[in-house]
Amino acid sequence: MRATAATVRAAVVRTAATRPAVVLLVGYLAELLFRLVLVRSMDFPSVHPDEDSYLAEARVLAGGSATEIPVGVVIPGGYPLLISPALRLADDPTTAYHLVMGVNAAVNALVFPLAHVALRRLGLDRRLSYAFAAATALLPPVVFYSQFVLTDAVLPVLVLAWLLCLHGWLADGPPRRRTWHAVGAGASAGYAMAVHDRGGVVVALTAAVLLGVLLLRRAPWRATAAGLAALGLGVLGAELLSAWLHARFTVPDSDVGGSLWKGLTDPGAAVQTLARAAGQIWYFTVSTWGVGGLAVVACLCAVFDRRRPPALRTTGGVLVALLLGTAVASAAALPLDGRVDDWVYARYTSYLVPSAFVAVLARYGRRALVRTATIAAGLVLLLAGVVALAAGERLRTSMFIPWTLPDVSFLAADWGRIDLPRTCAAVLVLLGAAVLVRHAGGHRVLGALGVSLALFAAFATTTITAQVARPHAEGREGLATGFTRAAGITADDNVVFAWDVDWSLRAAQTFEVYRGRVWSRDPRWQPVPAEANVMVLPLPGEGRPPEAYWPGHPADWYVERFDARQNWAVWHRR
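Residues numbered from 1 in each chain as written. Predicted model: local features only at pLDDT ≥ 70, side-chain atom pairs only at ≥ 80, totals over all residues. Heavy atoms only, no water.

Peer 1: Please clarify how the overall build of the protein chain should be interpreted in this entry.
Peer 2: Counting secondary structure elements, the protein chain contains 24 helices and five strands. In terms of overall dimensions, the protein chain is globule-like: its C-alpha atoms have a radius of gyration of 26 Å, near the 25 Å expected for 574 residues. Put simply, the protein chain has 574 residues, and 55% of those count as buried. Across the protein chain, every contact between residues at least 6 apart in sequence was considered, and the portion connecting residues at least 24 apart equals 73%. When the accessible surface of the protein chain is totalled, it reaches about 24700 Å², and 64% of it is carbon and sulfur. Here the protein chain contributes 51 positively and 39 negatively charged side chains, and the mean placements of these two sets differ by 18 Å. (Helix = DSSP H or I, 4+ residues; strand = E, 2+ residues; numbered from the N terminus. Rg over C-alpha atoms; globule rule 2.2 N^0.38 Å. Buried < 20%, exposed > 50% of the residue type's maximum accessible area, 1.4 Å probe, protein only. Contact = heavy atoms within 4.5 Å. Areas by Shrake-Rupley, 256 points an atom, 1.4 Å probe, with all protein chains shown as cover. Lys, Arg positive; Asp, Glu negative; His and termini not counted. Charge placed at Lys NZ, Arg CZ, Asp CG, Glu CD.)

Structure below.
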């Protein structure tokens, strides 16, 4: 009888111990399912030339042949390496794209458990951590980019893991645990560099913190040395991967460094860089409904508050430094394209959204939260003023693309233009409502506040998907699978596209021509590759036969079909 009772007690203890992990797993699976439902109709790349270029590199990393890389330079290959198994498994581009969407969803949903860990470290109980982690993982800037083949699907997870590792290395604890956290921080920074150029800022900050702590002896030197070694190996791996890809694509090196240097050192360009950086930080703040501004103020206050644990102060300072570094570096390096998002670029700071969102509303006391929220509201308005002064009429006359500014479109309920006043008003209302509820209800309302934020985040993300992501993809179907069907091009053809064929169509077909390859050539003055068997050329003009575009064509080339409405003719080699 006693043995039976002991067995029952042991089973109860084991069940209680495993229950939090099971609940966390259920939450992760729900986040994963939510993302998969959103991308159920995504069949092809539609963000040109970014998606097409990542897929071209993934194809080579999966063991396939090289093809044209639409962006024109070799870009970091860490993300293509992650998705390359999907291209190994699939026999056609549509299936491969579905599998890549699955990889994106599985990785992006990891924001939820990582945010839960971060909230637990900050002292929240499991239920509150669960609710606020769900809200964090459902935010539109976190989910939106995972619906496309873009590095922003994985970077938010990577940066949140990196910050957790930095905190674990600096916090008091057993030397072995701190060593593993230091290794994780160094390795994740190195991989971030392999994923995107923004990773260079992560590497620079990691190296600075590791070396500073080593000199000041603020952490066990063995742990810090292990972190430096992991960082060095990660950077070396990124460089080796880049060199391997360069050997397989005959394209020039990227000149991001040159553009960055000019944007920072040229006096005229430097002023413009600062204004564009302010626009990025403004977008970062409003896309998080003002909570990002709260996080910036909170982190800066923590840096100068000696009562805070050193690990928290350092991590907060690093987060702000990464935000500023990313905004300034990208503002300096990105060219002006005559679009509204030249001044309020959304994508490059979005990878910091989960790290900034966790726990700010939950951890602040009532009075401190009101003070901090007031400063954050002032920051939103100040940055909006900088954007309005710097961009001026260009906010109204430049090209507006909803895909590039989804969050402000949702907040202003206007999908056709940017409206700074309405966006700021919406953010201040949302932030004010959250702070008012928190201030009036105290700790008792935190659970309800977390659930409300999660539900609103799910609503916002679903709305943006319906209004922006899905229409964006559907409007480009004719450039991808639609053109392939209409032109009769197979996955094994080797296709030459004339330079004056729509560039988006050329970019999309580098993936749709799944096993063959694509070149951009003008056959009238450039040699046609010997292995090419299909050519796509524009029509010569109304009333003239398609052959008139290439009057001196060899006898073994003939026009197989053409489309006057879309202005293309498909040539085949006999």
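Structure's up, so let's keep going.
Peer 1: When you look at the packing of helix α14 (residues 291-303) against helix α18 (residues 366-391) in this model, what are you seeing that I'm missing?
Peer 2: Each packed pair of helices is defined by two parameters, the angle between the axes and the distance between the axes. In contact at an axis separation of 8 Å, α14 and α18 are set at 115° when each is read in the N-to-C sense. Handedness of the crossing formed by α14 with α18: right-handed. Together, Gly293, Leu294, Val297 and Ala298 of α14 and Leu369, Thr372, Ala373, Ile375, Ala376 and Leu379 of α18 make up the contact between the two elements. Across the contact of α14 with α18, the residue classes tally to eight nonpolar, two polar and no charged. (Axes fitted to C-alpha atoms, helices over the stretch in contact; angles between N-to-C directions. Left-handed = near helix turned anticlockwise from the far one by under 90°. Nonpolar A, V, L, I, M, F, W, Y, C, P; charged D, E, K, R; others polar.)

Peer 1: What should I look at first to understand the pairing of strand β4 (residues 557-563) in this one?
Peer 2: Two faces belong to every sheet, and in a regular strand the side chains alternate between them. Inspection of the sheet shows β4 paired to strand β5 (residues 568-573) by six bridges, in the antiparallel sense. In the sheet register, Trp557 faces β5, and the bridge partner there is Arg573. Taking the residues between adjacent antiparallel strands as the criterion, β4 and β5 are bridged by four residues, where Asn567 takes a positive phi near 60°. (Pairing = 2+ DSSP bridges.)

Peer 1: What am I meant to see in the nonpolar core here?
Peer 2: Most often, soluble globular proteins have nonpolar side chains that are buried together. Counting residues in each nonpolar core, the largest one holds 148 residues, and the members touching the most others are Leu87, Trp162, Trp169 and Trp282. Counting residues per element, this core draws most heavily on helix α8 (residues 155-170), which supplies 12 residues. Contact partners of Leu87, with chain neighbours within four places excluded, come to Leu55, Ala58, Arg59, Ala62, Ala96, Val100, Phe511 and Tyr514. Judged by nonpolar contacts, the second largest core, of 27 residues, contains Val495, Phe497, Ala498 and Val570. (Core = buried A, V, L, I, M, F, W, Y, C linked by side-chain atoms within 4.5 Å.)

Peer 1: Can you walk me through a nonpolar patch on the surface in this structure?
Peer 2: There is a patch of nonpolar side chains on the surface, built from Leu211, Leu214 and Trp221 and spanning about 310 Å² of accessible area. Topologically, Leu211 is positioned in helix α10 (residues 199-216). Of the residues examined, Leu211 reaches a relative accessible area of 44% and is grouped as partly exposed. (Patch = residues over 30% accessible without salt bridge, like charges linked within 9 Å, V, L, I, M, F, W, Y side chains within 5 Å. Salt bridge = Lys/Arg side-chain N within 4 Å of Asp/Glu carboxyl O.)

Peer 1: Whenever I open this one, the packing of helix α13 (residues 267-287) against α18 confuses me. Can you help?
Peer 2: Following both chains from N to C, one finds α13 and α18 inclined at 140°, their axes separated by 9 Å at the closest point. Here α13 is positioned oblique relative to α18, judged by the angle of their axes. When you trace α13 past α18, the crossing you get is left-handed. Contacts from Ala275, Ala278, Gly279, Ile281, Trp282, Thr285 and Val286 of α13 reach α18 at Val380, Leu383, Ala384, Val386, Val387 and Ala390. Classifying every residue of the contact of α13 with α18 gives 11 nonpolar, two polar and no charged. (Parallel < 35°, antiparallel > 145°, perpendicular 65-115°, else oblique.)

Peer 1: Explain the pattern of salt bridges here, please?
Peer 2: Opposite charge on two side chains allows them to pair when their charged atoms are near. For the structure shown, the criterion picks out 15 salt bridges. A salt bridge links Arg35 to Glu31, with the nearest nitrogen and oxygen atoms 2.7 Å apart. Here Arg35 pairs with Glu31, and both are found in helix α1 (residues 2-38), just four residues apart, close to one helical turn. Exposure remark for Glu31: the relative accessible area of 5% places this residue in the buried category. With a closest N to O distance of 3.5 Å, Asp419 and Arg417 form a salt bridge. The class of Arg417 is partly exposed, set by a relative accessible area of 44%. One salt-bridge network, in which partners are shared between bridges, spans Asp50, Asp152, Arg198 and Arg347.

Peer 1: How should I be thinking about the environment of Leu294 in this particular structure?
Peer 2: Within the secondary structure, Leu294 sits in helix α14. Residues Leu294 and Val271, spaced 23 residues apart in sequence, show a C-alpha to C-alpha distance of 26 Å.

Peer 1: Looking at this structure, I do not really get helix α4 (residues 93-108). What am I missing?
Peer 2: The α-helix advances 3.6 residues per turn, and as a result positions three or four apart in sequence lie on the same side. The terminal C-alpha atoms of α4, which comprises 16 residues, lie 22 Å apart, in line with the 22 Å expected from a rise of 1.5 Å per residue. For α4, the full list of buried residues reads Pro93, Ala96, Tyr97, Val100, Met101, Asn104, Ala105, Val107 and Asn108. A distance of 3.2 Å separates the backbone nitrogen of Thr94 from a side-chain oxygen at the start of α4, and that oxygen is part of Asp92. (Expected span 1.5 Å × (residues − 1). Polar contact = N/O pair within 3.5 Å; in protein donor to acceptor, adjacent residues only side chain to side chain.)

Peer 1: Teacher, can you tell me more about the pairing of strand β3 (residues 534-537) here?
Peer 2: What you see with β3 is no split at all: Val534 and Val536 on one side and Met535 and Leu537 on the other are buried throughout. Bridging between strand β1 (residues 495-497) and β3 involves three bridges; their strand directions are parallel. Bridge pairing links Val496 to Met535 in β3. With four bridges connecting them, β3 and β5 associate as antiparallel partners. Across the sheet, residue Val534 finds its bridge partner in β5, namely His572.

Peer 1: Would you explain the packing of aromatic side chains in this entry?
Peer 2: The relative placement of two aromatic rings is captured by the distance of their centres and the angle of their planes. Evaluation of the coordinates by the stated rule reveals 19 aromatic pairs. Judged by centre distance (6.2 Å) and plane angle (90°), the rings of Trp289 and Phe357 are edge-to-face. In this pair, Trp289 sits in the loop between α13 and α14 while Phe357 sits in helix α16 (residues 353-357), placing the two residues 68 residues apart along the sequence. Take Trp289 and Phe357: they sit in the same class, and that class is buried. By the ring-pair criterion, three or more aromatic residues cluster together here, those being Trp289, Phe357, Phe410, Phe456 and Phe459. When the ring centre of Tyr351 is taken as origin, the NZ or CZ atom of Arg198, which lies over that ring, is 5.1 Å away. Over the face of the ring belonging to Tyr549 we find Arg524, whose NZ or CZ atom lies 4.1 Å from the ring centre. (Phe/Tyr/Trp six-rings, centres within 6.5 Å; stacked < 30°, edge-to-face > 60°. Lys NZ or Arg CZ within 6 Å of the ring centre and 35° of its normal.)

Peer 1: Sorry if this is basic, but what is going on with the side chain of Ser129 here?
Peer 2: Examined against the element boundaries, Ser129 turns out to sit in helix α6 (residues 126-138). Here Ser129 falls in the buried class, since its relative accessible area comes to 0%. At 2.9 Å, the side chain of Ser129 and the backbone oxygen of Asp125 are in polar contact. Setting aside anything within four residues of it in sequence, one finds Ser129 in contact with His116, Leu119, Arg120 and Leu124.

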